[in-house]
Amino acid sequence: AEKWVYMVTAQTPTNIAVIKYWGKRDEVRILPVNDSISVTLDPDHLCTVTTVAVSPSFDRDRMWLNGKEISLSGSRYQNCLREIRGRAGDVEDKEKGVKIEKKDWEKLHLHIASHNNFPTAAGLASSAAGFACLVFSLAKLMNVDEDPSHLSAIARQGSGSACRSLFGGFVKWEMGNKEDGSDSVAVQLADEKHWNDLVIIIAVVSSRQKETSSTSGMRESVETSLLLQHRAKEVVPKRTLQMEEAIKNRDFASFTQLSCADSNQFHAVCLDTSPPIFYMNDTSHRIISLVEKWNRSEGTPQVAYTFDAGPNAVLIARNRKVAIQLLQGLLYYFPPKSDTDMKSYVVGDNSILK
Ligand code: PMV
């Protein structure tokens, strides 16, 4: 039997939405009810590293996440694997004696090993980096000749927010309007160098796993929240355009106003859901009040906040100097004690947009 193993490793950062995706119009294809905009973190910080391997000696597809074997039988994994296999090309590596033809991929099996370099339990958008990395590494392995936007439509079928991690910098996920989802793709608004004064600090308020998964939370919101309908139809379309302008002009005041308003509206939609969903806790609320007070007292915004499906604060400081003041403030108001779960998690050397 042939003995070779052919493998590829890729690294993909996570992303944080400043205009939130919340609600699917198609749960199978993962098509959203509105556009969303995010910022991709520096690839060296919060990221997933995935190695994918193929060998004639593998008898089935298998995957390990942080060293523990997980099942690939779920539709999210199956959809990504099927879409990538369908686009696979010929691969030849003479040195290693590897020659795989397009038609061989249907029969060959894969081993996938994925690691998050950040606490997976902390609910820091691990699925976004994870599925983006899975799709990207498989596409490299199988010589898939597609641009990142096409790959984003595949990653989207693993986890909606993952489609935005195929690009660096500022990224928009266009909801699209086709039924097959082919136009529901990510596009880059500005690259990672465009606004590199910004510093992102993630304050880990609680490392407990969220009680309501984004999948079931979104479903309940779509079924019960009138505010969600209003948000998707009347608010986000305008807000998305304004956010694009703010990013283009590096207008921090507008960027902050829009990010904070959108985060708060997303959590208001959660509260408007029946039964209500609470992702933020008292500490999250205290952080919001402190940032709001600080921004008001300075006259011009210094820090934007945004919260995903959990209590952890993502704080975006306008520059490095403000970021240092922010860290000092966090340490003063939330002194780290061994008996408290409030730790500030600083992303690397504090700068994510190098
Ligand atoms: O991609 P999912 O299913 O993990 O949903 C992500 C939802 C939010 O993080 C709350 C918002 C977003 O746009 O990332």
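Residues numbered from 1 in each chain as written. Predicted model: local features only at pLDDT ≥ 70, side-chain atom pairs only at ≥ 80, totals over all residues. Heavy atoms only, no water.

### Concerning the overall build of the protein chain
Right, so step 1: In terms of helices and strands, the protein chain carries 8 helices and 17 strands.
Right, so step 2: Its C-alpha radius of gyration of 21 Å places the protein chain within 12% of the 20 Å reference for a compact globule of 354 residues.
Right, so step 3: Once the C-alpha set of the protein chain is aligned to its principal axes, its extents read approximately 70 × 40 × 40 Å.
Right, so step 4: Burial analysis of the protein chain (354 residues in total) assigns 53% to the buried set.
Right, so step 5: A sequence separation of at least 24 residues applies to 74% of the contacts in the protein chain between residues at least 6 apart.
Right, so step 6: In the structure as shown, the protein chain presents an accessible area of about 16200 Å², 50% of it carried by carbon and sulfur atoms.
Right, so step 7: The protein chain carries 42 positive and 43 negative side-chain charges, and their two centres are separated by 2 Å. (Helix = DSSP H or I, 4+ residues; strand = E, 2+ residues; numbered from the N terminus. Rg over C-alpha atoms; globule rule 2.2 N^0.38 Å. Buried < 20%, exposed > 50% of the residue type's maximum accessible area, 1.4 Å probe, protein only. Contact = heavy atoms within 4.5 Å. Areas by Shrake-Rupley, 256 points an atom, 1.4 Å probe, with all protein chains shown as cover. Lys, Arg positive; Asp, Glu negative; His and termini not counted. Charge placed at Lys NZ, Arg CZ, Asp CG, Glu CD.)

### Considerations on the packing of aromatic side chains
How two aromatic rings sit relative to each other is given by the distance of their centres and the angle of their planes.
Right, so step 1: One pass over the full model with this rule turns up 12 aromatic pairs.
Right, so step 2: With 4.8 Å between their ring centres and 50° between their planes, W22 and F266 make a pair best called tilted. One end of the pair, W22, is in the loop between β2 (15-19) and β3 (24-26); the other, F266, is in helix α6 (residues 252-271), and 244 residues separate them in sequence.
Right, so step 3: Judged by relative accessible area, which is 3%, F266 ranks as buried.
Right, so step 4: Taking 6.4 Å as the distance between ring centres and 35° as the angle between the ring planes, the aromatic pair formed by F266 and Y279 counts as tilted. Here the residue F266 occupies a position in helix α6, and Y279 occupies one in the loop between α6 and α7 (282-298), the gap between them amounting to 13 residues. (Phe/Tyr/Trp six-rings, centres within 6.5 Å; stacked < 30°, edge-to-face > 60°.)

### Re the nonpolar core
Right, so step 1: If you look at the biggest cluster of nonpolar residues, it comprises 51 residues, and the most contacted ones within it are V54, I84, I100, W105, L141 and M142.
Right, so step 2: With 7 residues, the single largest contributor to this core is helix α2 (residues 126-141).
Right, so step 3: Each residue touching M142, except ones within four places of it in the same chain, is listed here: I84, R85, A88, G89, V91, W105 and L110.
Right, so step 4: Of all hydrophobic cores here, the second largest spans 46 residues; its members include V18, L198, I200 and F307. (Core = buried A, V, L, I, M, F, W, Y, C linked by side-chain atoms within 4.5 Å.)

### Some remarks on the site of the ligand
Right, so step 1: Y21, S159, S161, R164 and S214 are the nearest of the 14 residues found near the ligand.
Right, so step 2: In this structure, an oxygen atom belonging to the ligand sits 3.0 Å away from a side-chain N or O atom of S159.
Right, so step 3: Contact distances for the ligand include 3.4 Å between an oxygen atom and a backbone N or O atom of G160.
Right, so step 4: Burial of the ligand by the protein amounts to 92% of the accessible area it has alone, namely 380 Å².
Right, so step 5: Among the residues forming the shell around the ligand, the class breakdown is 6 nonpolar, 5 polar and 3 charged. (Near = heavy atom within 4 Å. Polar contact = N/O pair within 3.5 Å; in protein donor to acceptor, adjacent residues only side chain to side chain. Nonpolar A, V, L, I, M, F, W, Y, C, P; charged D, E, K, R; others polar.)

### Quick notes on the environment of A139
Right, so step 1: As for its position among the elements, A139 is in helix α2.
Right, so step 2: Judged by relative accessible area, A139 falls into the buried class, the value being 5%.
Right, so step 3: Along the sequence, A139 and A88 sit 51 residues apart, while their C-alpha atoms lie 7.4 Å from each other.

### Regarding the sheet that holds strand β8 (residues 68-70)
In any sheet, the strands associate via hydrogen bonds between backbone groups, in a parallel or an antiparallel arrangement.
Right, so step 1: Spatially, the 5 strands line up as an open sheet ordered β1-β6-β11-β7-β8, and their pairing is mixed. Each end of this open sheet is capped by a strand with a single partner; those strands are β1 (6-13) and β8. Strand-to-strand twist of the sheet, defined as the mean angle between neighbouring strand axes without regard to direction, takes the value 20°.
Right, so step 2: Helix-sheet contacts for helix α1 (residues 75-85) involve β7 (62-65), β8 and β11 (109-116), and the interaxial angle to β11 is about 125°. (Pairing = 2+ DSSP bridges. Axes fitted to C-alpha atoms, helices over the stretch in contact; angles between N-to-C directions.)

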